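Descriptive analysis of the structure
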Amino acid sequence: MNDEQLLRYSRHILLPEIGVEGQQKLLSASALVIGAGGLGSPAALYLAAAGVGSLTLVDGDNVDLTNLQRQILHATESVGRPKTESGRAALSRINPEVKVVPVQQRVGDESLERLVASSSIVLDCSDNFATRHAVNRACVRHRRPLVSGAAVRFDGQVSVFDLRDERSPCYHCLFPENAELEEMRCAVMGVFAPLTGIIGTVQAAEALKLLAGFGETLNGRLMLLDALAMQWRMVKLAKDPSCPVCATLAQEAATAFPTARTAPA
Ligand SMILES: [Zn+2]
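Note that the coordinates shown come from a computational prediction; the quantities given were computed from them, not determined experimentally.

It is worth spelling out the overall build of the chain at this point. When you go through the chain residue by residue, the secondary structure sums to eleven helices and eight strands. Evaluated residue by residue, the chain yields a buried proportion of 52% over its 265 residues. Carbon and sulfur atoms make up 55% of the accessible area of the chain, which totals about 12,600 Å².

Written as structure tokens, this is what we have:
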């Protein structure tokens, strides 16, 4: 780290849990942020400010006037521009040292393979179940820690699936894909502006802990927020031994690579 970096990150370096070593880990890490909307905005802003070396920002949408009530990565003059471009500009203003890679597309299984494999950590800030399940599958396959968030109306939830540990549950263990889940998108349901800020910021906090290796993460726990009552609830998560995503893939991996227990952080 040079003198300017030592100053920029001094308030992290002062924390014994992070220090120079932890900050160095953040600087050499790469995070994949799926979605540059309500959750992705605060998550990406904090990761960039905190000095995570490389951020890949994935979103297929353009900035819309209805986004600005909560998607704080984007400004009024960005309406009509691709969210990833608007996001890159905002993140570079906060920290020009961070490499921001914009991926202006709605991701599917194939593109996720490559994107997840080349990232140290994945933040799911998307707004639909199809994407969440595709992201989960890729994270299980490549054993990448997944920080998952959701926010609609006044309800938020956030969890970590540390898939470097094969005992960890995956997103599918919690929300089976074939279940008749009501797709609640903020496009039709409404969403309380700061709720996305709270949940996205928790996602950033968990990602920084996972990357620098300190504290206790939300792995195996789901945190639920009722923002109307401002009440948090914690639910313990268990791995589904018959989960078609993580149970079979873990077995395949164990057979193919008997000694591979953890992915690189
Ligand atoms: Zn699973």
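Okay, the coordination of the zinc ion next. Tetrahedral coordination by four donors puts the ideal angle at the metal at 109.5 degrees, and octahedral coordination by six puts it at 90 or 180 degrees. Distances from the zinc ion to its protein donors, Cys170 (SG), Cys173 (SG), Cys243 (SG) and Cys246 (SG), fall at 2.3 Å. Classification of the site at the zinc ion rests on its four donor atoms, whose angles at the metal span 96 to 121°, yielding the label tetrahedral. Spacing between the donor residues of the zinc ion along their common chain follows C-x2-C-x69-C-x2-C. The residues Cys170 and Cys173 share a single accessibility class, namely buried.

Another point: the packing of helix 6 (residues 109–117) against helix 7 (residues 129–142). Direction vectors running N to C along helix 6 and helix 7 enclose 45°, while the axes themselves pass 9 Å from each other. Classified by the angle between their axes, helix 6 and helix 7 sit oblique to one another. Along this stretch, helix 6 crosses helix 7, giving a crossing that reads as right-handed. Where helix 6 approaches helix 7, its residues Asp109, Leu112, Glu113, Val116 and Ala117 are matched on the opposing element by Ala134, Val135, Arg137, Ala138, Cys139, Arg141 and His142.

Moving on, we get to the packing of aromatic side chains. If you walk through the whole model with that rule in mind, you get four aromatic pairs. Plain terms: the ring middles of Phe154 and Phe192 are 5.0 Å apart, the flat faces sit at 40° to each other, and that makes the pair tilted. Note that Phe154 is positioned in the loop between strand 5 (145–152) and strand 6 (155–162) and Phe192 in the loop between helix 9 (186–189) and helix 10 (193–212), a separation of 38 residues in sequence. A relative accessible area of 34% places Phe192 in the partly exposed class. Centroid distance Tyr171 to Phe175: 5.1 Å. Interplanar angle 45°. Geometry classified as tilted.

Okay, the sheet that holds strand 3 (residues 99–103) next. Taken in spatial order, the eight strands line up as 3-2-1-4-5-6-7-8 in an open sheet, and their pairing is mixed. In this open sheet, the two edge strands, each paired with only one partner strand, are strand 3 and strand 8 (231–236). The sheet shows a mean angle of 15° between the axes of neighbouring strands, direction not considered. Lying over the sheet, helix 7 contacts strand 1 (30–34), strand 4 (121–124) and strand 5, oriented at roughly 170° with respect to strand 5.

Here the focus is the pattern of salt bridges. Considering all chains together, one arrives at eight salt bridges under this definition. Glu166 is the salt-bridge partner of Arg143, the closest N and O atoms lying 3.3 Å from each other. Within this pair, whereas Arg143 is found in the loop between helix 7 and strand 5, its partner Glu166 is found in the loop between strand 6 and helix 8 (171–174), the two being separated by 23 residues in sequence. According to the relative accessible area criterion, Arg143 is buried, its value standing at 10%.

With burial as the criterion, each face of strand 4 is covered, one bearing Ile121 and Leu123 and the other bearing Val122 and Asp124. Summarising the sheet, strand 1 and strand 4 pair through four bridges and their orientation is parallel. What sits directly across from Ile34, in strand 4, is Asp124. Of the pairings in the sheet, the one linking strand 4 to strand 5 comprises three bridges and is parallel in character. Residue pairing in the sheet places Leu123 in a bridge with Val147 of strand 5.

With that settled, consider empty space enclosed by the protein. Picture a little ball the size of a water molecule; that probe, rolled over the atoms, points out where space is still empty. A complete count under the given rule lists two cavities of 30 Å³ or more for this structure. As a volume, the second largest cavity reaches approximately 60 Å³. Taken together, Arg132, Ser148, Gly149, Ala150, Gln157, Val158, Ser159, Phe161, Tyr171, Leu174, Phe175 and Leu222 form the lining of the second largest cavity. Among the secondary structure elements, those contributing two or more residues to the lining of the second largest cavity are strand 5, strand 6 and helix 8. With four residues, the single largest contributor to the lining of the second largest cavity is strand 6. Its residues assigned to classes, the lining of the second largest cavity shows seven nonpolar, four polar and one charged.

Calculation notes
Residues numbered from 1 in each chain as written. Predicted model: local features only at pLDDT ≥ 70, side-chain atom pairs only at ≥ 80, totals over all residues. Heavy atoms only, no water. Helix = DSSP H or I, 4+ residues; strand = E, 2+ residues; numbered from the N terminus. Buried < 20%, exposed > 50% of the residue type's maximum accessible area, 1.4 Å probe, protein only. Areas by Shrake-Rupley, 256 points an atom, 1.4 Å probe, with all protein chains shown as cover. Donors = N, O, S within 2.8 Å, 3.2 Å for Na, K, Ca; no water. Tetrahedral: all angles 85-135°; square planar, octahedral: opposite > 155°, others 65-115°. Axes fitted to C-alpha atoms, helices over the stretch in contact; angles between N-to-C directions. Parallel < 35°, antiparallel > 145°, perpendicular 65-115°, else oblique. Left-handed = near helix turned anticlockwise from the far one by under 90°. Contact = heavy atoms within 4.5 Å. Phe/Tyr/Trp six-rings, centres within 6.5 Å; stacked < 30°, edge-to-face > 60°. Pairing = 2+ DSSP bridges. Salt bridge = Lys/Arg side-chain N within 4 Å of Asp/Glu carboxyl O. 1 Å grid on protein atoms, 1.4 Å probe; cavity = no way out; pocket = protein on both sides within 12 Å on 5 of 7 lines; lining within 4 Å. Points joined across faces, edges and corners; volume = space filled by probe spheres on them. Nonpolar A, V, L, I, M, F, W, Y, C, P; charged D, E, K, R; others polar.

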